[in-house]
Amino acid sequence: MAEKLAFDLVAPERLLASLEVDMVVAPGVEGDFGVLPLHAPLVSLLRPGVIRVYEGDEVTKRVFVAGGFAEVNGRGLSILAEEAEPVEEIDPEEARTRLRNAEEDLADAKEPEEAERIRLERAVAVARARLEAVEQPV
Amino acid sequence: MPSLKDLRNRIASVKQTRKITSAMKLVAASKLRRAQAQAEASRPYATRMAEMLGNLAAGVAELPEAPKLLSGTGKEDVHLLVVMTADRGLCGGFNSSIVRAARQRIARLRAEGKEVKLLCVGRKGRDMLRREYGDLIVDYIAGVAGKRRMEFADARMIAEKVSALFDAGEFDVCTLIFNRFRSVITQVVTFNQVIPVQPPEAEKPEEELGAVYEFEPEESVILGELLPRNLAVQVYGALVENAAGEQGARMAAMDNATRNSGEMIHRLTLTYNRTRQAQITKELIEIISGAEAL
């Protein structure tokens, strides 16, 4: 497969990665999807999860994102992530604490307003996905 | 005629001022570099966001159930102006040019019979607008503009406030007022209407990319997520531009001040030396004429 996929990972504050790769598997809200070169144009929401970058058959890079958007067009794949960090840089202990804190925050909030509840639940979901990301084998 | 002592004090004090202004200039220069790098780094996200929004908005805008953030409330009676200034002064015309533009806009909108509300970001803008339009200010956010590093979370916080006001039906049109950084000496006051979203320029007809997108989930759901995010991105862009502009303006202002105090020191030293010589001459004349009289 001579053709490569141009993959950009961007956060609001900076461009995190701009690579030529063979395949990217991204966590869409309706299930993970793989993007190969010449993929049909697509816009998808992402759930908190792990982006896997493949070179040949090997996963060369795993990045955790807390959500965002993926766009595939004729130029390649761009992922606009809100919060992104390489999986190997996440400390499992810290991830566990963060999940516990988020769950406590949600449990402590008595009769929160709708917007507040959504925010807290989201924080829990992000923290859980982050912990799963670091615990699951490559 | 000031005495020699007065002149000496004066020179000493101007020298101190010069030290301060030149130090401030150096600090501003280094902060400017950082702010510029940040503005640079935030651009890829903003451009891609705009592209994606353009692709999506084109298909959805006509639908009746299009999100309010995109289509507006159908009225434009109440305007919210987000006036973004610095928290600190001593940066030339930076703050006052924003405030002046805001005043003009307020006057014009009022003349058209519209209601105006203000949200001030940055202390200086609030201070300057408070006296005249204090009753229009609905909210005030401080401590963001002065930060060492702009964080996206700050922008999100502001954006959330704005959308909360919007959801509560407090206004129909929202415009950001900030300084766009063009170069160290020029900052351009910019109005950016963020609600309802101005559709990005019809772009790149040569690439027929936008035609056959697949959406997952539906367009409207994605748009619902994308629009609030876009608001935050716009606010963030404005904050970052403003931060760079502030430092640029301060650097230029302090450079000027340093040069002016240099000139002043030169002038004062000249007067000081002349006065000193005149006094010596006078004393000599007194002595000589005294001796001759004997």
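So, how was this worked out
- Residues numbered from 1 in each chain as written.
- Chains lettered and ligands numbered in written order.
- Predicted model: local features only at pLDDT ≥ 70, side-chain atom pairs only at ≥ 80, totals over all residues.
- Heavy atoms only, no water.
- Helix = DSSP H or I, 4+ residues; strand = E, 2+ residues; numbered from the N terminus.
- Buried < 20%, exposed > 50% of the residue type's maximum accessible area, 1.4 Å probe, protein only.
- Contact = heavy atoms within 4.5 Å.
- Areas by Shrake-Rupley, 256 points an atom, 1.4 Å probe, with all protein chains shown as cover.
- Lys, Arg positive; Asp, Glu negative; His and termini not counted.
- Charge placed at Lys NZ, Arg CZ, Asp CG, Glu CD.
- Salt bridge = Lys/Arg side-chain N within 4 Å of Asp/Glu carboxyl O.
- Pairing = 2+ DSSP bridges.
- Right-handed = clockwise from strand over helix to strand, strands pointing away.
- Phe/Tyr/Trp six-rings, centres within 6.5 Å; stacked < 30°, edge-to-face > 60°.
- Buried area = accessible area lost by both parts, 1.4 Å probe.
- Polar contact = N/O pair within 3.5 Å; in protein donor to acceptor, adjacent residues only side chain to side chain.
- Nonpolar A, V, L, I, M, F, W, Y, C, P; charged D, E, K, R; others polar.
- Axes fitted to C-alpha atoms, helices over the stretch in contact; angles between N-to-C directions.
- Parallel < 35°, antiparallel > 145°, perpendicular 65-115°, else oblique.
- Left-handed = near helix turned anticlockwise from the far one by under 90°.
- 1 Å grid on protein atoms, 1.4 Å probe; cavity = no way out; pocket = protein on both sides within 12 Å on 5 of 7 lines; lining within 4 Å.
- Points joined across faces, edges and corners; volume = space filled by probe spheres on them.
- Patch = residues over 30% accessible without salt bridge, like charges linked within 9 Å, V, L, I, M, F, W, Y side chains within 5 Å.
- Expected span 1.5 Å × (residues − 1).

Trainee: Just to check I follow, could you spell out the overall build of chain A for this structure?
Mentor: Per the secondary structure count, chain A includes two helices and 10 strands. Beginning at the N terminus, the succession of helices and strands in chain A can be written as β-β-β-β-β-β-β-β-β-β-α-α. With the C-alpha coordinates aligned to their principal axes, the bounding extent of chain A is approximately 55 × 30 × 25 Å. Taking all 138 residues of chain A together, the buried fraction comes to 47%. Taking the contacts inside chain A whose residues are at least 6 apart along the sequence as the reference set, 50% of them involve residues at least 24 apart. Carbon and sulfur atoms make up 49% of the accessible area of chain A, which totals about 7,000 Å². For chain A, the distance from the average position of its 16 positive side-chain charges to the average position of its 30 negative side-chain charges is 1 Å.

Trainee: Any chance you could explain the pattern of salt bridges here in plain terms?
Mentor: Charged atoms that come close allow side chains of opposite charge to pair. All names here are of chain B. Per the counting criterion, the structure on display carries 29 salt bridges over all chains. In this structure, Arg-43 and Glu-40 form a salt bridge, with 3.6 Å as the shortest nitrogen-oxygen distance. Highlighted residues: Arg-43 and Glu-40, both in helix 1 (residues 4–60), separated by three residues, approximately one helical turn. With its nearest N and O atoms 3.3 Å apart, the salt bridge here joins Arg-250 to Glu-246.

Trainee: Help me out: how do you make sense of the pairing of strand 1 (residues 78–84) of chain B in this one?
Mentor: Across a regular strand the side chains alternate sides, sitting on one face of the sheet and then on the other. All names here are of chain B. Most of strand 1 sits out of view: seven of its seven residues are buried. The alternating pattern of strand 1 places Val-78, Leu-80, Val-82 and Met-84 and His-79, Leu-81 and Val-83 on opposite faces, both of which are buried. The pairing of strand 1 with strand 2 (residues 115–121) spans seven bridges and is classified as parallel. Paired with Val-82 across the two strands is Leu-119, which belongs to strand 2. As a crossover connection, the stretch from strand 1 through helix 3 (residues 94–111) into strand 2 is right-handed. Of the strand pairs in this sheet, strand 1 and strand 4 (residues 173–181) are connected by five bridges, and their pairing is parallel.

Trainee: Sorry, what's going on with the packing of aromatic side chains here?
Mentor: For any pair of aromatic rings, the description rests on two quantities: the centre-to-centre distance and the angle between the ring planes. All names here are of chain B. Tallied over the entire structure, the rule returns two aromatic pairs over all chains. With a centroid separation of 5.4 Å and 75 degrees between ring planes, the pair formed by Phe-152 and Tyr-236 is classed as edge-to-face. Separated by 84 residues along the polypeptide, Phe-152 in helix 5 (residues 152–167) and Tyr-236 in helix 6 (residues 219–293) bring together distant segments of the chain. The exposure class assigned to Phe-152 is buried, which follows from its relative accessible area of 5%. In this structure Tyr-236 comes out as buried when scored by relative accessible area, which is 2%. Considering the side-chain rings of Phe-166 and Phe-171, the 5.4 Å spacing of their centres and the 50 degrees angle between planes classify their relative orientation as tilted.

Trainee: What's the story with the interface of chain B and chain A in this structure? I'm lost.
Mentor: Interface size, as often reported, equals the accessible area lost upon joining of the parts. With 29 residues of chain B in contact, the opposing surface of chain A contributes 28 residues. Between chain B and chain A, a total of about 2,600 Å² is buried, with carbon and sulfur atoms accounting for 61% of that surface. Arg-48 of chain B is the salt-bridge partner of Asp-8 of chain A, the closest N and O atoms lying 2.4 Å from each other. Counting across the interface, chain B meets chain A through 10 residue pairs in polar contact (both at pLDDT 80 or more). Elements with a contribution of two residues or more to the side of chain B that touches chain A: helix 1, helix 5, strand 6 (214–216) and helix 6 of chain B. The biggest single contributor to the side of chain B that touches chain A is helix 1 of chain B, with nine residues. In terms of residue class, the side of chain B that touches chain A is made up of 16 nonpolar, two polar and 11 charged.

Trainee: Looking at this model, I keep getting lost on the pairing of strand 1 (residues 5–10) of chain A. Mind explaining?
Mentor: The buried count for strand 1 of chain A comes to five of six residues, which makes it a mostly enclosed element. Where strand 1 of chain A folds back on strand 2 (residues 15–21) of chain A, the antiparallel hairpin that results is connected by four residues.

Trainee: In this structure, what is going on with the packing of helix 1 (residues 92–108) of chain A against helix 2 (residues 114–135) of chain A? I would like to understand it.
Mentor: Packed helices, taken two at a time, are described by the angle between their axes plus the distance between the axes. All names here are of chain A. It is the contact of helix 1 with helix 2, at a shortest axis distance of 9 Å, that shows an interaxial angle of 160 degrees. In terms of their interaxial angle, helix 1 and helix 2 are classed as roughly antiparallel. In the crossing of helix 1 with helix 2, the sense of the turn from one axis to the other is left-handed. Residues Pro-92, Glu-94, Ala-95, Arg-96, Arg-98, Leu-99, Ala-102, Glu-103, Asp-105 and Leu-106 of helix 1 lie in contact with helix 2, whose contacting residues are Leu-120, Glu-121, Ala-123, Val-124, Val-126, Ala-127, Arg-128, Arg-130, Leu-131, Val-134 and Glu-135.

Trainee: Any chance you could explain the layout of surface pockets here in plain terms?
Mentor: Over the atoms, a rolling probe the size of a water molecule traces out where space has been left empty. Considered as a void within the structure, the largest pocket measures approximately 1,500 Å³ in volume. What lines the largest pocket is a set of 43 residues, and nearest its centre among them are Glu-82 and Arg-122 of chain A together with Arg-156, Glu-160 and Arg-229 of chain B. For the lining of the largest pocket, the secondary structure elements donating two or more residues are strand 5 (42–46), strand 8 (68–73), helix 1 and helix 2 of chain A together with helix 5 and helix 6 of chain B. Here the element with the most residues in the lining of the largest pocket is helix 2 of chain A; it accounts for nine residues. Class assignment for the residues of the lining of the largest pocket results in 23 nonpolar, five polar and 15 charged. For the second largest pocket, the calculated volume is near 550 Å³. Residue lining of the second largest pocket: 25 residues in total, with Ala-46, Arg-180, Asn-192, Val-233 and Gln-234 of chain B positioned closest to the centre.

Trainee: Whenever I open this one, a nonpolar patch on the surface confuses me. Can you help?
Mentor: Residues and elements named next belong to chain B. The grouping of Ile-280, Leu-284, Ile-287 and Ile-288 at the surface amounts to a nonpolar patch, some 380 Å² of accessible area in total. As for its placement among the helices and strands, Leu-284 is situated in helix 6. A relative accessible area of 47% means that Leu-284 is categorised as partly exposed.

Trainee: Honestly, helix 2 of chain A in this entry has me stumped. Any pointers?
Mentor: Helical geometry: 3.6 residues make up each α-helical turn, so side chains three or four residues apart lie on a common side. All names here are of chain A. Helix length check: helix 2 (22 residues) gives 32 Å between terminal C-alpha atoms against 32 Å at 1.5 Å per residue, within 8%. When we look at burial in helix 2, the residues that qualify are Leu-120, Val-124, Val-126, Ala-127, Ala-129, Arg-130, Leu-131, Ala-133 and Val-134. Next to the buried residues of helix 2 lie strand 6 (49–55), strand 7 (58–65), strand 10 (84–86) and helix 1.

Trainee: Explain the sheet that holds strand 1 of chain B here, please?
Mentor: Adjacent strands of a sheet form backbone hydrogen bonds with each other and so pair up, either parallel or antiparallel. Residues and elements named next belong to chain B. Pairing within the open sheet is mixed, and its five strands lie in the order 3-2-1-4-5. Two strands bound the open sheet, and with one partner strand each, they are strand 3 (137–141) and strand 5 (187–195). Going across the sheet, the axis of each strand differs from the next one's by a mean of 20 degrees, ignoring polarity. Sheet contacts for helix 5: strand 1, strand 2, strand 3, strand 4 and strand 5; angle to strand 3, the most-contacted strand, approximately 165 degrees.

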